Every structure is written in C-alpha cells, then in structure tokens.
Amino acid sequence: MAKNQSEVSGVFTARGKRKPLAAKLKNPFTHPFLLGSIFPLLLVVVWEALSRLEVFPAYQLPAPSVILGTIVGMAEDGTLWGHVGITSYRVFMGFLLGTAAAVVLGSLVGFYKHAEALFDPLIQAFRSIPSLAWVPLFILWMGIGEPSKIAMIAVGVFFPVYLNIVSGIGGVDRKLIEVGKMYGLNTFQLVRRIILPASLPSFLVGLRSGLGLGWMFVVAAELMGASQGLGYLLVVGQNTLAPETIIASIVLFAVIGKLSDWILKILEIRTLHWQDRAAKS
Amino acid sequence: MSLQLERVGRKFAGKAAVQDVSFRAEPGEIIGLLGTSGCGKSTLLRAISGLDTEYDGVIEINDEKVDGIQKTTGFMFQEPRLLPWLNVLDNVTFGLEGNREEKQNKAGRYLQSVGLAGSEKLYPKQLSGGMAQRVAIARALATSPEILLLDEPFSALDAFTKMQLQDLLLEVWRSFQSTMVLVTHDVDEAAYLCDRIIVLRGQPGKVEREITISEPRPRERGSSEQAAYKAEILASLDLTTETA
Ligand SMILES: Nc1ncnc2c1ncn2[C@@H]1O[C@H](COP(=O)(O)OP(=O)(O)OP(=O)(O)O)[C@@H](O)[C@H]1O
Ligand SMILES: [Mg+2]
C-alpha cells in the first residue's frame, strides 16, 4: 500500500546557500615538502663537503656528485632505462600476481567460515617460512629467467595483502551490515555495497606494505642471477669494486620505490577521503 | 499492517533481558515503548525487525508468524548508522529502488523536510550528531515502510527541531498509514504522537502498564488533555511506587 511516490511537503524551507570558505592562509615554511627536504639536503651537503676534504676515501664512499655522474652517464649511454625498466616490470608483474592471488584467497577466507577452516591454517604455516627460503626451489623449478623472479616477488607481496584483506573483511562493523540487511540486500549486494567499501582501507594498507615487500624481494631475486636490472647493478658494482655503481643503484631503488608508493598513496587519498581520521598538529 | 507480539522475551547468555511482552498494533497505529534504560526496548525492536531471531514467543505481521527480515519493515536504529563512504544524499537513497533520478528526487525531498537541503554532498564525518540523526530519519522515512520501528529517533535534537520532526513523522503517517513502534524517553513526545503507550519496567523488563491515548489528532501541545496524559505516564514510570 505505502510504496507510492507521494509527496511529503517539508516543514522546513530551503536555507540560503553556504558562503564559500575564505581561502586558507598557510605559512609557506611549514609546508610538509619543505620540512621533509631539510635533513636530506643537509646530509648531501655535508657528505659532499667531507668527500671533497677526503675524509671518506673515494674507493669506499664516493661523493654525491660522483654518484649523480654515474647515473647521468648511464642515462646518456641508455643502459639506465633498461635496468630501471626491467626491475620495475618484475615488481609490477609480481605485485599483480601476488595481489590477485591474495584477493581471491583472502576474500574466500574472509567471507566463508568453511574456507577459513580449509585454507587459513595452511596459509599461516606457509607464512612462517621465511619467504627467501623459496628462492633455490623456484630457481630449480622455473630456471633463472623471469618466471622464478616474478614468482618470488609475488610470494612476498601475497602475505601482507592477504592478511589485510582477511582482517579487513572480518572487521566490518556489524551495525553497518545490519543496515544493509534491513534494506533486504542479498549476500552479493551486501558484499558489494557494504563489506567491500568498509574493508577498502585495510586492503589499501595491505597493498602498500605488499608493494614495499615487492621491492625488497626484487633485490633478492636479482642478486641470485640476472643480466639486467638494478639488483644486477649491485652485483656488478661489487665485482668491479665500484661503490658509485652500488650507491647509484640504491638511490634509484629509493626513487622508484618511493614513486610507486606515492601512486598508491594518491589512490588511497582519492578513495578514502570519507575516512574520519585524526589530524596531527 | 497489523503487528502482534505474544509473550515475547529474549535471553542473553541465559539471563533474561526482557520477558513476556504481548501487545497488538492495528494497522496505522502508533505504539510508544517507554521504560528506563536497559529494560529491553531496543532488544524488542530488534526482534520485531527480524535482525534478531533468537527471541522466545511469537511475532506476527498481518496475523502471520514471521521469521527474519521483512522488506516492508523499516528500522531507524538508536545510532544514526550512516555509511561513512557515502555522502548524505547517497545515504538516503541507499535503500530506495527505481532509477537514479527518481531516487535522488525523493531523497532530496526528505532531506529538505528534515532541514538538510544544501547538505547533500557532505560526508558523515562532517555532520553534527543532530544532523546525522536527521539524515537517518530521512533515510528511514524515504522508503515509506509499512511497519516503521523508531529507536529514540529525536534524542539528539533541540526542542524546536524535535517538534518539527514529530510533525513530519505525523505527516508521513497520514500519507502512508504506517504502523509504528516508537521507543522514546520523552514523555511529551509519547503523549503527542502515540495511540497507545506500553510502559516497560525492571530488569528483566516486563510490561508494567498500557496507557491508551484516545485524544484525536491533530493534538495540541500543552493542552490540558495532554497534561493529564503526561501526568499519567510519569506516574507509571515512577519507580518509588510499589507495584504488585
Ligand atoms: N547483544 C547483547 N548481548 C548481551 N546482552 C545484551 C545484548 N543486547 C542487549 N543486552 C542486554 O539487554 C538489556 C536490554 O538492552 P536494550 O539495549 O534493549 O536496552 P534499552 O531498553 O534499549 O536501553 P536504552 O534506553 O539505554 O537504549 C541490557 O541489560 C543489555 O545489557
Ligand atoms: Mg535502546
């Protein structure tokens, strides 16, 4: 009877439009980017100065300018892009694979009691194996090429993503699920409209720590044997007694690692703007 | 739709929270549930809503025993329970059916009725307690449920807004003839809105009294009839009087 669209006239009238907020004045010197660059810059300047004064022996710790020169040199002869490209490709593929597996298994275990009883003990047991212990086995199975490296990275990415998905799904507020139930949502709709958005924050935390581990594992995988990549540069630097190559590689790892994390961070800010988080003073 | 409870009770871990509650609400009747904190009012509403199926006794809707959630029942919880990732408008359209534009128009009308026109794009974290409660009211009313369960719907509002929203509730009631069960701590509200008031008391909560308010609507706040009913309700809530 009551499901028609008839009008209920308001007891209130529309209020006037809100005034636009006055543009916020900010102290430019406390901008986080500036604050964050103070110490790195200071460090580089002191390091350069000490190197020029030959406090550090150049064959052990070359000056920042020398390291920059090495990177620029590689960029000029074109080898830089190959190393950075192949390493990023491995991390990206491993990250995709590990995340995909974690999403499938994590959702099953998170949603179904029986799946939890079935899979979780085994997964937890595997988790207690230090992941690098798999390296020899993977090389034995898949050879020294790309598959074994990508599998390594995928294993590293899998666990944090999996654990965060399971705990995210388990931690969805019962009260919100009840709201969905009251509106007659079926299980599939409940998952899509309540459980997924509510567990998204936890999923993104998992993605970010998974990506961090991905970068860690790519180093291990490339140290084991590679003919190209930033990890390979580390080996080359060690074998040719060239610390500038090693440090250049480390710097490049830091830069692209940070860049990839930054992409996820932007994704997080875009999708989680609704979260009510405490602001730091 | 009629609603009937027969000897409904609920135990938590063997300890009774509420016991032996029986009443019948005819279609379009507004029943008030009053009682001290912790006497089992919310527990009763959860049983009627179908969210909780572990109760004892029988609950019938339209003289048929029900078990589980009915699509025609609406529930406004004691807390606003807005979905934090949806803005105000999407929270209100959440339970609606139909095409997008229809849903948004309808939600917009209800938001205007609760005094929140212009706040459609805000997220729950940006709302005050009273605003959040008004969004929850709009969400509950927008689906025009045939049985509407309201758990202290106006508790977070100032006296003036409260009166306006009580009138809005009556307006909805006039249009849809919803059967309502309203939990409240506010004696004025109970006397103004309800056809019948069920006073619960004790731990575990039991029905202490039933007060019928036969005054026809529209009622006048502050009339002598209202004052008499309020006195009667207050007397029945008075814990110092001994009861058999
Ligand atoms: N899920 C639960 N588990 C255990 N005990 C519960 C649960 N829900 C409610 N109770 C108990 O049942 C009793 C009644 O609770 P209920 O929430 O129905 O009270 P209420 O009448 O709504 O009180 P208020 O006016 O404060 O909202 C309380 O003693 C409470 O401790
Ligand atoms: Mg309650």
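For the structure, see preceding data.
Owing to the predicted nature of the structure, the values given are computational and were not obtained by experimental measurement.

Caption draft 1: The arrangement of the pattern of salt bridges in detail. Enumeration over the complete set of coordinates arrives at 25 salt bridges over all chains. Taking the shortest distance from any N to any O, the salt bridge between Arg-277 of chain A and Glu-268 of chain A comes out at 4.0 Å. By relative accessible area, Arg-277 of chain A is classed as exposed at 53%. Here Lys-11 of chain B and Asp-56 of chain B are joined by a salt bridge, their closest N and O atoms 3.5 Å apart. In this pair, Lys-11 of chain B sits in strand 1 (residues 3–12) while Asp-56 of chain B sits in strand 4 (residues 56–61), placing the two residues 45 residues apart along the sequence. Residue Asp-56 of chain B is classed as partly exposed on the basis of its relative accessible area of 36%.

Caption draft 2: Quick peek at the coordination of the magnesium ion (ligand 2). Residues and elements named next belong to chain B. Surrounding the magnesium ion (ligand 2) are the protein donor atoms Ser-42 (OG) and Gln-78 (OE1), which sit 1.9 to 2.3 Å from the metal. A residue pair is termed long-range when its members are at least 10 positions apart, and Ser-42 in helix 1 (residues 41–49) and Gln-78 in the loop between strand 6 (73–76) and helix 2 (88–93) qualify at 36 residues. Taking relative accessible area as the criterion, Ser-42 reaches 24% and is therefore assigned partly exposed. Judged by relative accessible area, Gln-78 falls into the partly exposed class, the value being 37%.

Caption draft 3: Spatial organisation of the packing of aromatic side chains. The final tally for this structure, using the stated rule, is nine aromatic pairs over all chains. Centre to centre, the rings of Phe-158 of chain A and Phe-159 of chain A are 5.1 Å apart; their planes meet at 85°, and the pair counts as edge-to-face. Plain terms: the ring middles of Tyr-183 of chain A and Phe-94 of chain B are 6.0 Å apart, the flat faces sit at 65° to each other, and that makes the pair edge-to-face. Of the two residues, Tyr-183 of chain A is situated in the loop between helix 7 (174–182) and helix 8 (187–224) and Phe-94 of chain B in the loop between helix 2 and helix 3 (100–113); the pairing between them involves two chains. Clustering of aromatic rings is evident, with ring pairs tying together Phe-126, Trp-134, Phe-138 and Trp-141 of chain A. Across the ring face of Trp-173 of chain B, the terminal group of Arg-217 of chain B is positioned such that the distance to the ring centre comes to 4.4 Å. Above the plane of the ring of Tyr-192 of chain B lies Arg-221 of chain B, whose end atom (NZ or CZ) is 3.8 Å from the centre.

Caption draft 4: Layout of the environment of Leu-259 of chain A. Here Leu-259 of chain A lies in helix 10 (residues 243–271). Here the alpha-carbon distance between Leu-259 of chain A and Gln-189 of chain A, two residues 70 residues apart in the chain, equals 36 Å.

Caption draft 5: Up close: unusual backbone geometry. The peptide bond linking Gln-203 of chain B to Pro-204 of chain B adopts the cis configuration, its omega dihedral lying at 0°. Mapped onto the secondary structure, Pro-204 of chain B falls in the loop between strand 9 (196–201) and strand 10 (206–212). The omega angle of the peptide bond from Arg-217 of chain B to Pro-218 of chain B is 0°, so this bond is cis rather than trans. Non-glycine residue Leu-241 of chain A carries a positive phi angle of around 50°. With respect to the element layout, Leu-241 of chain A can be found in the loop between helix 9 (230–239) and helix 10. The phi torsion at Gln-177 of chain B lies on the positive side, around 55°, for a residue other than glycine. Examined against the element boundaries, Gln-177 of chain B turns out to sit in the loop between helix 5 (159–176) and strand 8 (179–183).

What counts and how
Residues numbered from 1 in each chain as written. Chains lettered and ligands numbered in written order. Predicted model: local features only at pLDDT ≥ 70, side-chain atom pairs only at ≥ 80, totals over all residues. Heavy atoms only, no water. Salt bridge = Lys/Arg side-chain N within 4 Å of Asp/Glu carboxyl O. Buried < 20%, exposed > 50% of the residue type's maximum accessible area, 1.4 Å probe, protein only. Helix = DSSP H or I, 4+ residues; strand = E, 2+ residues; numbered from the N terminus. Donors = N, O, S within 2.8 Å, 3.2 Å for Na, K, Ca; no water. Phe/Tyr/Trp six-rings, centres within 6.5 Å; stacked < 30°, edge-to-face > 60°. Lys NZ or Arg CZ within 6 Å of the ring centre and 35° of its normal.

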